[in-house]
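Coordinates in review
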Amino acid sequence: VKTLLLLLLLAPATQAADLENLITAELPGLISFYKDLHAHPELAFHEKRTGAKVAKALKKAGFTVTTGFGSYTKKGRVPTGVVGVLRNGEGPTVLLRADMDALPVTEATELKYASKVKISKGGKQVGVMHACGHDAHTSVLVGAAKVLAQARKRWQGTLIVIGQPAEEAGAGARSLLADGLYTKTARPDYAFAFHVSPDLPAGAVGYHTGYTLANTDSVDITVRGKPGHGAFPQNTVDPIVLASRLVLALQTIVSREVEPLKAAVISVGEIHAGTRRNLIPAEVQLRLTVRTYENEVRTKVLAAIERTARGIADSAGAPAPVVTVRGEGTPAVYNDPPLTRRLAGAFKKVLGQARVIETGAVMGGEDFGRYGLKREVPISMFWLGATESERLRKARAGHGRIWPLHSPGMRIAPKATLSTGVQAMALAVIELLPAAK
Ligand SMILES: [Zn+2]
Ligand SMILES: [Zn+2]
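So, here's what we can say about the structure. Bear in mind the structure is a predicted one, so any value in this text is a computation, not a measurement. (Residues numbered from 1 in each chain as written. Chains lettered and ligands numbered in written order. Predicted model: local features only at pLDDT ≥ 70, side-chain atom pairs only at ≥ 80, totals over all residues. Heavy atoms only, no water.)

At 2.0 to 2.7 Å from the zinc ion (ligand 1) lie its protein donor atoms, namely Cys132 (SG), Glu168 (OE), Glu168 (OE) and His406 (NE2). In this structure, the zinc ion (ligand 1) is coordinated by four donor atoms arranged in irregular fashion, with angles at the metal of 51 to 148°. Here the zinc ion (ligand 2) and the zinc ion (ligand 1) are spaced 3.1 Å from one another, each receiving a donor from cysteine 132. Residue glutamate 168 is located in the loop between strand S6 (157-164) and helix H4 (172-178), and its partner histidine 406 is located in the loop between helix H9 (389-396) and helix H10 (414-432); the two are separated by 238 residues in the primary sequence. On the accessibility criterion, glutamate 168 (24% relative accessible area) is partly exposed. (Donors = N, O, S within 2.8 Å, 3.2 Å for Na, K, Ca; no water. Tetrahedral: all angles 85-135°; square planar, octahedral: opposite > 155°, others 65-115°. Helix = DSSP H or I, 4+ residues; strand = E, 2+ residues; numbered from the N terminus. Buried < 20%, exposed > 50% of the residue type's maximum accessible area, 1.4 Å probe, protein only.)

Here it is in structure tokens:
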């Protein structure tokens, strides 16, 4: 009886060690896989090479793989989504997702495997770079899939792994769902994903429950006036003055119309007008990004933007402005609280309390929220720490800079980031699915 008790007590520890051994064996290959993806970034809806690499690795691990997944309506978009399914007996379904696309950013790191890929954009040569760390997400997904395929005794159920295109275009998740992701495979009981965070140390993961990333909407406003000579304003309606008034007035929507404890951001990122200093132009173009969490706040803010633009034009006797909400923005990522707490608890047991950090929410956007189908499927997105702790410590003390996501200097510490990512992703599945009988 004593031996049995001892074995039972030792069992979880041995199992954790087994998982670590599998990861240690996979890690060198995975780091090469990551560096190769980093050196060969592909933009949204062009992830052919990346998708093929993911598909090959998943097939080799025993997954049933469908490539070219995704429903596309716009010209020039190729279906590049990869869906791998591994059925391992009766049980719930867990979906793991990684996005695969890069950004039109010219890399400025001195890494040996830095991207040299260039594309021509508007007649100019622009670099392509994995500046949002999606190469790390894809590598972690492949690593976790391989480890879980080997550790099949630890879980029972169905595993769906997704190599998602076009997160940066806010369109990849939608295209997979529109192509019948949940009907052709299965509707998952849980969905999980990582996003790298340069602000957290490599080796740690971060989480938040509830609203974690925001609804993102793009709004275009054309402020219209009556053009004329700059010396004779009395004969014109100056849209530059109206647009200036509007930019300031838009900020009072957040400060005066939204409840103080609810979150919203309106940023005017582009303003275009005019050709000459003495010419009052006919119109001004404004381009906005609007971030919110709750749907009522979103509806209210979008309506207030329109009303404010109209009101300002009216007050000056100008023609009505044109306000366009471009397409459907990405919905907020709402991390299901019970699921998120459960996973954070499981990670803490293995990684230790100090490596599982509550981070708070941000107003960034991510199309992972779509997998939740308006909260019908519990989803959770965790942050994956990506910067060497020593660099992070120095930067916090004012020495050196940590380049943020989307910047030309963004870099991660591959070894600790990938091994922790694979470990936590595998643990998530083992936590959510029962052990094989
Ligand atoms: Zn991004
Ligand atoms: Zn991203």
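This next bit is on the packing of helix H2 (residues 48-61) against helix H3 (residues 134-150). Between H2 and H3, whose axes approach to 9 Å, the crossing angle comes to 10°. Taken together, the axis directions place H2 and H3 in an arrangement best described as roughly parallel. Contacts from Thr50, Val54, Ala57, Leu58 and Ala61 of H2 reach H3 at Thr138, Val142, Ala145, Lys146 and Ala149. Among the residues making up the contact of H2 with H3, the classes are represented as seven nonpolar, two polar and one charged. (Axes fitted to C-alpha atoms, helices over the stretch in contact; angles between N-to-C directions. Parallel < 35°, antiparallel > 145°, perpendicular 65-115°, else oblique. Contact = heavy atoms within 4.5 Å. Nonpolar A, V, L, I, M, F, W, Y, C, P; charged D, E, K, R; others polar.)

Right, let's get into the sheet that holds S6. As a general point, the strands of a sheet are linked pairwise by backbone hydrogen bonds and lie either parallel or antiparallel. One open sheet accounts for eight strands, arranged S1-S2-S6-S3-S7-S18-S8-S17; its pairing is mixed. Edge positions in the sheet fall to strand S1 (64-69) and strand S17 (356-358), since each of these pairs with one other strand and no more. Within this sheet the neighbouring strands show an average axis-to-axis angle of 25°, counted without direction. Relative to strand S18 (residues 379-387), strand S8 (residues 205-207) runs antiparallel, the two being bridged by two bridges. Within S18, the residue paired with glycine 206 across the bridge is tryptophan 383. (Pairing = 2+ DSSP bridges.)

When you line up the elements, histidine 195 lands in strand S7 (residues 190-201). The exposure class assigned to histidine 195 is buried, which follows from its relative accessible area of 4%. Look past the residues within four positions of histidine 195 in its chain and what remains in contact with it is Cys132, His134, His137, Glu366, Met381, Phe382, Trp383, Leu384 and Leu405.

When you tally the buried positions in S6, you get eight out of eight residues, the bulk of the element. Note that strand S2 (residues 81-88) and S6 share seven bridges and pair antiparallel. Looking across to S6, one finds that glycine 84 is bridged to valine 161. Sheet analysis places strand S3 (residues 93-99) next to S6, joined by seven bridges and oriented parallel. Of the residues in S6, the one forming a bridge with arginine 97 is isoleucine 162.

Moving on to the pairing of S18. Look at any regular strand and the pattern is simple: side chains alternate between the two faces of the sheet. S18 sits mainly inside the fold: nine of its nine residues count as buried. Of the pairings in the sheet, the one linking S7 to S18 comprises eight bridges and is parallel in character. Bridge assignment links histidine 195 to a residue of S18, and that residue is tryptophan 383.

This paragraph deals with the sheet that holds strand S12 (residues 264-272). If you trace the four strands from one edge of the open sheet to the other, you get S12-S14-S10-S15, paired in antiparallel fashion. Each edge of the open sheet is held by one strand with a lone partner, namely S12 and strand S15 (322-330). Strand-to-strand twist in this sheet, taken as the mean axis angle between neighbours without regard to direction, amounts to 20°. Inspection of the sheet shows S12 paired to strand S14 (residues 283-292) by eight bridges, in the antiparallel sense. Its bridge partner lying in S14, glutamate 270 is registered against arginine 287. Strand contacts of helix H6 (residues 239-257): strand S10 (215-224), S12 and S14, with the helix running at about 165° to S12, the strand carrying the most contacts. Against the sheet, helix H7 (residues 295-315) engages S10, S12, S14 and S15, with an angle of about 10° to S10.

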